[in-house]
Amino acid sequence: MTTIREIIDALERFAPLPLQDDYDNSGLQVGLTETEASGALLCLDVTEAVIEEARTLGCNLVVSHHPLIFRPLKQVTDATYQERCVMLAVKYGITLYACHTNLDNAEGGVSFMMAQKLGLQDVRFLSTSDGKSGAGVIGRMPRKYSEQAFCDTVKRVFALDTMRCNEHFDGCIETVAVCGGSGAFLITDAERAGADAFLTGEIGYHRFFGYGGKLLLMELGHYESERYTPELLQKIISDNFPELPVRVVKLNTNPIRNI
């Protein structure tokens, strides 16, 4: 028998909760832990539809990247989707757990997964104080790319129709820095580290100024940059509990549509 607590312990060995940023609320969100796990469903975001999918699949644990409960709830009614999700999870006996910035900051975490999908080599933290945890990563592509060829590669790897970039020179792209989610705070670090390109989920209009000819900035979209995070969570759990049913959510929970 595998308990939900044992699964949580495995996740926290990989991504200890003390690694999370001060503003965050990673960890147990809703539910019981000393019960047998029937299966785990993995997602970026918890929605009512995700909880329904977990119930249909017979999974009594949902592990998300983004916390459902980010700020304290003052009530639990049907007023917001967060409150409705809490009510639904309790009704179905489904435990909700979040691995957010602790997974971002852990060695082998979200940005490392992005680097792996891109094929980066000699990957290391972009910003770190101890070498064992940090923000973003930097590495080398296996060969030099033209700007267009690199952009085409990024769009293919992250399944993008479009992305937002600044103006850049016609030089080659080889050294690449990446950060899942909102990584604009690392732009200066990427430039100092000698990156030719920096990929992240969100940058913001004004942050694109001033790097033309020096650093190719690439804004993929928050959801798109973290699309492989459930796959990372699946590996962590399955490596520890190979007999446990572990599924990646089929739903696209991205709240943003491009039309």
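Our subject is the structure listed above.
Residues numbered from 1 in each chain as written. Predicted model: local features only at pLDDT ≥ 70, side-chain atom pairs only at ≥ 80, totals over all residues. Heavy atoms only, no water.

Chemist: For this particular structure, what's the right way to read the overall build of the protein chain?
Modeler: A tally of regular secondary structure across the protein chain gives 9 helices and 11 strands. If one aligns the C-alpha atoms of the protein chain with their principal axes, the spans along those axes are about 55 × 35 × 30 Å. Relative to its 259 residues, the protein chain shows a buried fraction of 52%. Relative to all contacts within the protein chain whose residues are 6 or more apart in sequence, the contacts with residues 24 or more apart total 64%. With the model as given, the accessible surface of the protein chain reaches about 12700 Å², and the carbon-plus-sulfur share is 48%. Here the protein chain carries 24 positive and 34 negative side-chain charges, and the mean point of each set is 3 Å from the other. (Helix = DSSP H or I, 4+ residues; strand = E, 2+ residues; numbered from the N terminus. Buried < 20%, exposed > 50% of the residue type's maximum accessible area, 1.4 Å probe, protein only. Contact = heavy atoms within 4.5 Å. Areas by Shrake-Rupley, 256 points an atom, 1.4 Å probe, with all protein chains shown as cover. Lys, Arg positive; Asp, Glu negative; His and termini not counted. Charge placed at Lys NZ, Arg CZ, Asp CG, Glu CD.)

Chemist: Sorry if this is basic, but what is going on with the sheet that holds strand 10 (residues 216-219) here?
Modeler: Reading across the sheet, the 6 strands line up as 5-6-8-9-10-7 and stay open at both edges, with mixed pairing between neighbours. At either margin of the open sheet sits one strand with a lone partner, and together these are strand 5 (121-128) and strand 7 (164-165). Relative to strand 6 (residues 134-145), strand 5 is paired through 5 bridges, and the arrangement is antiparallel. Each residue of the ladder has a partner; that of Gln-121, found in strand 6, is Arg-140. The strands touched by helix 5 (residues 110-118) within the sheet are strand 5, strand 6, strand 8 (173-182) and strand 9 (197-202), with strand 8 carrying the most contacts at an inclination of about 140°. (Pairing = 2+ DSSP bridges. Axes fitted to C-alpha atoms, helices over the stretch in contact; angles between N-to-C directions.)

Chemist: Whenever I open this one, helix 1 (residues 4-14) confuses me. Can you help?
Modeler: Since the α-helix advances by 3.6 residues per turn, residues separated by three or four positions end up pointing in the same direction. Within helix 1, burial applies to Ile-4, Ile-7, Ile-8, Ala-10 and Leu-11. Buried residues of helix 1, viewed axially, fall in a sector of 160°; they line one side. (Arc of directions from axis to C-beta.)

Chemist: Please explain the pairing of strand 8 as it appears in this structure.
Modeler: Burial within strand 8 is extensive, with 8 of its 10 residues counted as buried. Where strand 6 and strand 8 come together, 5 bridges link them in antiparallel fashion. Its bridge partner being in strand 8, Val-137 is matched across the sheet by Val-178. By the bridge criterion, 5 bridges tie strand 8 to strand 9 in an arrangement that is parallel. Considered in strand 9, the bridge of Val-178 is made with Leu-199.

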